[in-house]
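# Examination of the molecular architecture
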Amino acid sequence: CRNPPRAGEWSEKGRREALSLRLTDEKVLPFSAFLTDSFGRRHNYLRISLTEKCNLRCQYCMPEEGVKLTPRGQLLSTSEVLTLAQLFVQQGVDKIRLTGGEPLIRPDVLDIIAELKKLVGLKTVAVTTNGINLSRLLPKLKDAGLDLINISLDSLVPAKFEFVVRRKGFHKVMEGIDKAVELGYNPVKINCVVMRGLNEDELLDFVQLTEKKPLEVRFIEYMPFDGNKWNFKKMVSYQEMLDQIRQQWPNLERLQSGPADTAKTFKVPGFKGQLGFITSMSDNFCGSCNRLRITADGNLKVCLFGNSEVSLRDILRSGASDEELLQIVGAAVGRKKKQHAGMFSISQMKNRPMVLIGG
């Protein structure tokens, strides 16, 4: 099949025909024009925030004073989450990640995962969690069909962990990691936001975690969001982290990455797990971005660092048809920029705190 025209090139008739094919034809089809932007990037990965609430207060994610929560009636209901998920999957999304806030505090998270797993064409359902409730819930999450799990952990020192997240819970997170390994998740991904003067001295300890466990520790460059008091001096770049790790393990091996992978991955020879770097600030991967986000209040964000949003909730509640919804989605995706504005410009832009985007 030839590649479909770019989003901006499709006529209304062409979009209707594409929608009709997608909704009725079970054969393999060209990727949806609605999810293809003007640079040819195909967006097959959707992140859905299930809640704005969180049981931690991580410094890089949420302002110290907390955030003003959206009234419950303005958040997506379970049926609305599933309706939007089905619409995106019908257009070619094959991976959905559930985020928050903290997604595991949503009472119906197990039902949502079980229903998502019924969607034809969806290959992967993943969750990003802070791990506090994970050990208790993971057997049921696995039974519901959860495929992948990412766990946030920014320090291996209990007192420092509590300073970063402004709450207790270190041992619960470690129990959650061990439970994920025990239940056969491989790799279990550990997300570590590296901040100068706080936890950059723990890089080697985190790498050491990968020696005997099937973990992928992912070091994330500190990124600017509303209320997290970002400044350039706090950011530890990928290259600086890599240099520090290579001093201890000079034979560190670079691994092959997929075309849309966000992490640059490495492995210490002989270690069971691996490590990765999310280089959003020093070496962005915008050119291969395949991700879209839906916030807990139903807004579509085509870029994590962009402040442009469109409310799918309002369109859905107005009684719009699938085709009308897709026209709005396609227009938003078609306006996606080639790359984000750069760390210094982003730090001056008005955007949501990370907790209200979907971490």
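Residues numbered from 1 in each chain as written. Predicted model: local features only at pLDDT ≥ 70, side-chain atom pairs only at ≥ 80, totals over all residues. Heavy atoms only, no water.

Under the annotation held in an unreviewed UniProt entry, the protein carries the name Molybdenum cofactor biosynthesis protein 1 and is attributed to Poecilia reticulata. The record in UniProt for the protein states the following under Subunit (unreviewed entry): "Isoform MOCS1A and isoform MOCS1B probably form a heterooligomer." Word for word, the UniProt comment on the protein under Function (unreviewed entry) is "Isoform MOCS1A and isoform MOCS1B probably form a complex that catalyzes the conversion of 5'-GTP to cyclic pyranopterin monophosphate (cPMP). MOCS1A catalyzes the cyclization of GTP to (8S)-3',8-cyclo-7,8-dihydroguanosine 5'-triphosphate and MOCS1B catalyzes the subsequent conversion of (8S)-3',8-cyclo-7,8-dihydroguanosine 5'-triphosphate to cPMP." (UniProt positions renumbered as here; feature names shortened; annotations may be inferred.)

On to the environment of V127, then. Along the chain, V127 turns up in strand 3 (residues 124-129). Judged by its relative accessible area of 1%, V127 falls in the buried class. Separated by 29 residues in the primary sequence, V127 and L98 place their C-alpha atoms 4.8 Å from one another. Non-local contacts of V127, meaning those with residues more than four positions away in its chain, are made with R97, L98, P103, L104, I113, L146, L148, I149 and N150. (Helix = DSSP H or I, 4+ residues; strand = E, 2+ residues; numbered from the N terminus. Buried < 20%, exposed > 50% of the residue type's maximum accessible area, 1.4 Å probe, protein only. Contact = heavy atoms within 4.5 Å.)

Take unusual backbone geometry next. That bond from G100 to G101 is cis: its omega, 15°, falls within 30 degrees of zero. Its location among the elements puts G101 in the loop between strand 2 (95-99) and helix 3 (109-116). Residues N186 and P187 are joined by a peptide bond in cis, for which omega reads 0°. Positionally, P187 belongs in the loop between helix 6 (170-182) and strand 5 (188-194).

Let us now look at the sheet that holds strand 4 (residues 148-152). The 12 strands lie next to each other as 7-8-9-6-5-4-3-2-1-10-11-12, forming an open sheet whose pairing is mixed. In this open sheet, the two strands that pair with only one neighbour each are strand 7 (253-254) and strand 12 (310-311). As paired strands, strand 1 (residues 45-49) and strand 10 (residues 291-294) are joined by 4 bridges and run parallel to one another. Along strand 10, the bridge assignment pairs R47 with R293. The strands touched by helix 6 within the sheet are strand 4, strand 5 and strand 6 (215-221), with strand 4 carrying the most contacts at an inclination of about 160°. (Pairing = 2+ DSSP bridges. Axes fitted to C-alpha atoms, helices over the stretch in contact; angles between N-to-C directions.)

Moving on to the packing of aromatic side chains. The tally for this structure, following the rule as stated, stands at 6 aromatic pairs. A centroid spacing of 5.7 Å and a plane angle of 70° characterise the contact between F161 and F170, whose relative ring orientation is edge-to-face. Their ring planes at 75° and their centres at 5.9 Å tell us that W249 and F271 sit as a pair that is edge-to-face. Of this pair, W249 sits in the loop between helix 8 (238-248) and strand 7 while F271 sits in the loop between strand 8 (263-267) and strand 9 (274-278); the two residues are 22 residues apart in sequence, bridging distant segments of the chain. Summarising the burial analysis for this pair, W249 and F271 share the class buried. One aromatic cluster is present, built from ring pairs that chain together F206, F219, Y238, F266 and F277. Stacked on the ring of Y45, the Lys or Arg K95 has its end atom at 4.5 Å from the ring centre. Over the ring of Y185 we find K142, and its NZ or CZ is 4.9 Å from the ring centre. (Phe/Tyr/Trp six-rings, centres within 6.5 Å; stacked < 30°, edge-to-face > 60°. Lys NZ or Arg CZ within 6 Å of the ring centre and 35° of its normal.)

What follows is about the nonpolar core. Nonpolar side chains tend to gather and get buried jointly when the protein is soluble and globular. With 92 residues, the main nonpolar core has F88, I96, L116, F219 and L300 as its most contacted residues. Looking at this core element by element, the count peaks at 7 residues for helix 2 (residues 78-90). Aside from chain neighbours lying at most four places away, what touches L116 is L82, A85, I96, L98, L122 and V125. (Core = buried A, V, L, I, M, F, W, Y, C linked by side-chain atoms within 4.5 Å.)

Time to look at the pattern of salt bridges. Within this structure, the stated rule accounts for 15 salt bridges. The salt bridge partner of E162 is K168, with a shortest N-O separation of 3.4 Å. Among the residues examined, E162 registers a relative accessible area of 29% and is labelled partly exposed. Classification of K168 by relative accessible area gives exposed; the value is 63%. (Salt bridge = Lys/Arg side-chain N within 4 Å of Asp/Glu carboxyl O.)

Right, let's talk about the pairing of strand 6 for a bit. Of all 7 residues that make up strand 6, 7 are buried, and the element is covered over most of its length. Bridge count between strand 5 and strand 6: 7 bridges; the pairing is parallel. Pairing of V193 across the sheet is with I220, part of strand 6. Note on the crossover from strand 5 through helix 7 (residues 203-209) to strand 6: the handedness is right-handed. Across 5 bridges, strand 6 lies against strand 9 in parallel orientation. Its bridge partner lying in strand 9, E216 is registered against Q274. (Right-handed = clockwise from strand over helix to strand, strands pointing away.)

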